[in-house]
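# Structural characterization, general
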Amino acid sequence: MLPTPARVALTLRLLGGLTAQEIARAFLVTEQVVAQRIAAAKRTLAEEQVPFELPDGAELAQRLSSVRDVIYLIFNEGYSATSGNDLIRPGLCLEALRLGRLLAELAPHEAEVHGLVALMEIQASRSAARTGPAGEPVQLHEQDRGRWDQLLIRRGFTAMLRARDLGGLPGPYVLQAAIARLTHRAQLSSAGAPASAT
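Note that this is a predicted model, so its numbers are computed, not measured.

## Thoughts on the nonpolar core
If you look at the biggest cluster of nonpolar residues, it comprises 48 residues, and the most contacted ones within it are L12, I23, I71, Y72, I74, F75 and M120. For this core, the elements supplying multiple residues, two or more each, are α1 (4-14), α2 (20-27), α3 (31-48), α4 (57-79), α5 (90-106), α6 (111-124), α7 (150-166) and α8 (172-190). Filtering out sequence-adjacent residues up to four positions away, M120 remains in contact with I71, Y72, F75, A96, L97 and G100.

Below, the structure written as structure tokens:
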């Protein structure tokens, strides 16, 4: 099996379409290190003729963790672009959301998957309000809440409820989604919006 760093780098390159430079920035390593990881992963897969199949048991849990991380890294690059002139790369955000929703369908009993989806939905709901007319960043407390996407907010809150209903000790994505949800509610409250709007 591929080491996690190599597996994640290869997936980000092939599935996410990120460049080695963008992946390197995400992991705080050099572009050369990323290129070596990707080359080594491709070589290993070819030499060992690794089958593409769904693992089970502990291996599934480990791989699922890597898949979540890859999806979130794609989302992050879209939400706060590290290259180009634009703050946001909507295509990457949409692809990460699509993959996250698909993963939630494939792994409906995984609270962390629903936590990941909730986090991305809530964060993406503010995308239209995050930049001004000239593409400049707009701080959260200055954003026009009327531009927040209510459908994405509802989807995010629904995913949070699913994660909560599954129980268990909350993982990092469930916790981050809970913080994003509380931040969202606090911003609406400070703007004088009724509680039912959340």
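Next comes the rest of the write-up.
## What about the side chain of E77?
Within the secondary structure layout, E77 lies in helix α4. Here E77 falls in the buried class, since its relative accessible area comes to 5%. A polar contact of 3.1 Å, which involves the side chain of E77, links it to the side chain of R89.

## Some details on the packing of α1 against α3
Where α1 contacts α3, the axes come no closer than 8 Å and their chain directions differ by 95°. If you check the angle between α1 and α3, you find them roughly perpendicular. Side by side, α1 and α3 meet where P5, A6, A9, L10 and R13 of the first sit next to R37, I38, A41, K42 and L45 of the second. Its residues assigned to classes, the contact of α1 with α3 comprises seven nonpolar, no polar and three charged.

## Some details on the packing of aromatic side chains
Two measures describe an aromatic ring pair: the distance that separates the ring centres and the angle between the ring planes. Applying the stated criterion to the full structure yields three aromatic pairs. Aromatic pair Y72 and F75: ring centres 6.2 Å apart, planes at 15°, arrangement stacked. Placement of the pair is Y72 and F75 together in helix α4, with a separation of three residues, close to one helical turn. In this structure, Y72 and F75 share a single accessibility class: buried. On the basis of an interplanar angle of 15° and a centroid distance of 5.5 Å, the ring pair of F75 and Y79 is categorised as stacked. With a gap of four residues between them, F75 and Y79 both fall in helix α4, about one helical turn apart. Of the two residues, F75 and Y79, both sit in the buried class.

## As for the pattern of salt bridges
Across all of its chains, the model carries five salt bridges by this definition. Here E95 ties to R98 by a salt bridge, and the two come within 2.8 Å at their closest N and O atoms. Placement of the pair is E95 and R98 together in helix α5, with a separation of three residues, close to one helical turn. The exposure class of E95 is partly exposed, given its relative accessible area of 24%. Relative accessible area serves as the criterion here: at 44%, R98 is assigned to the partly exposed category. Sharing partners across several salt bridges, the network here consists of E22, E77 and R89.

Rules behind the numbers
The residue count restarts for each chain, going from 1 along the sequence in the order it is written. Predicted model: local features are reported for residues with pLDDT of at least 70 only, side-chain atom pairs are reported and counted for 80 or more only, and whole-chain, interface and lining totals are derived from all residues. Water and hydrogen atoms were dropped before computing side-chain values, which therefore reflect all heavy atoms in the structure. Residues grouped as a nonpolar core are buried Ala, Val, Leu, Ile, Met, Phe, Trp, Tyr and Cys residues, joined through side-chain atoms within 4.5 Å. For the exposure calls, accessible area comes from a 1.4 Å probe over protein chains only, and a residue counts as buried if that area is under 20% of its type's maximum, exposed if over 50%, partly exposed in between. Only runs of H or I of at least four residues qualify as helices and only runs of E of at least two qualify as strands under DSSP, and these elements are numbered from the N terminus. It only takes one pair of heavy atoms within 4.5 Å for two residues to be counted as in contact. Polar contacts, as used here, are pairs of N or O atoms within 3.5 Å; protein pairs need one atom able to donate a hydrogen and one able to accept it. Residues neighboring in sequence count only if both atoms are side-chain atoms. Only the stretch in contact is used when a helix axis is fitted, and all axes are lines through C-alpha atoms; the angle between N-to-C directions ranges over 0 to 180 degrees. Here is the rule for angles: anything less than 35 degrees is roughly parallel, anything more than 145 is roughly antiparallel, 65 through 115 is roughly perpendicular, and the remaining ranges are oblique. Amino acids are sorted into nonpolar (Ala, Val, Leu, Ile, Met, Phe, Trp, Tyr, Cys and Pro), charged (Asp, Glu, Lys and Arg) and polar (every other residue, Gly among them). Side-chain rings of Phe, Tyr and Trp (the six-membered ring for Trp) are treated as a pair once their centres are within 6.5 Å; stacked means planes under 30 degrees apart, edge-to-face means over 60, and tilted covers the remaining angles. Salt-bridge detection follows one rule: a side-chain nitrogen of Lys or Arg within 4 Å of a carboxyl oxygen of Asp or Glu.

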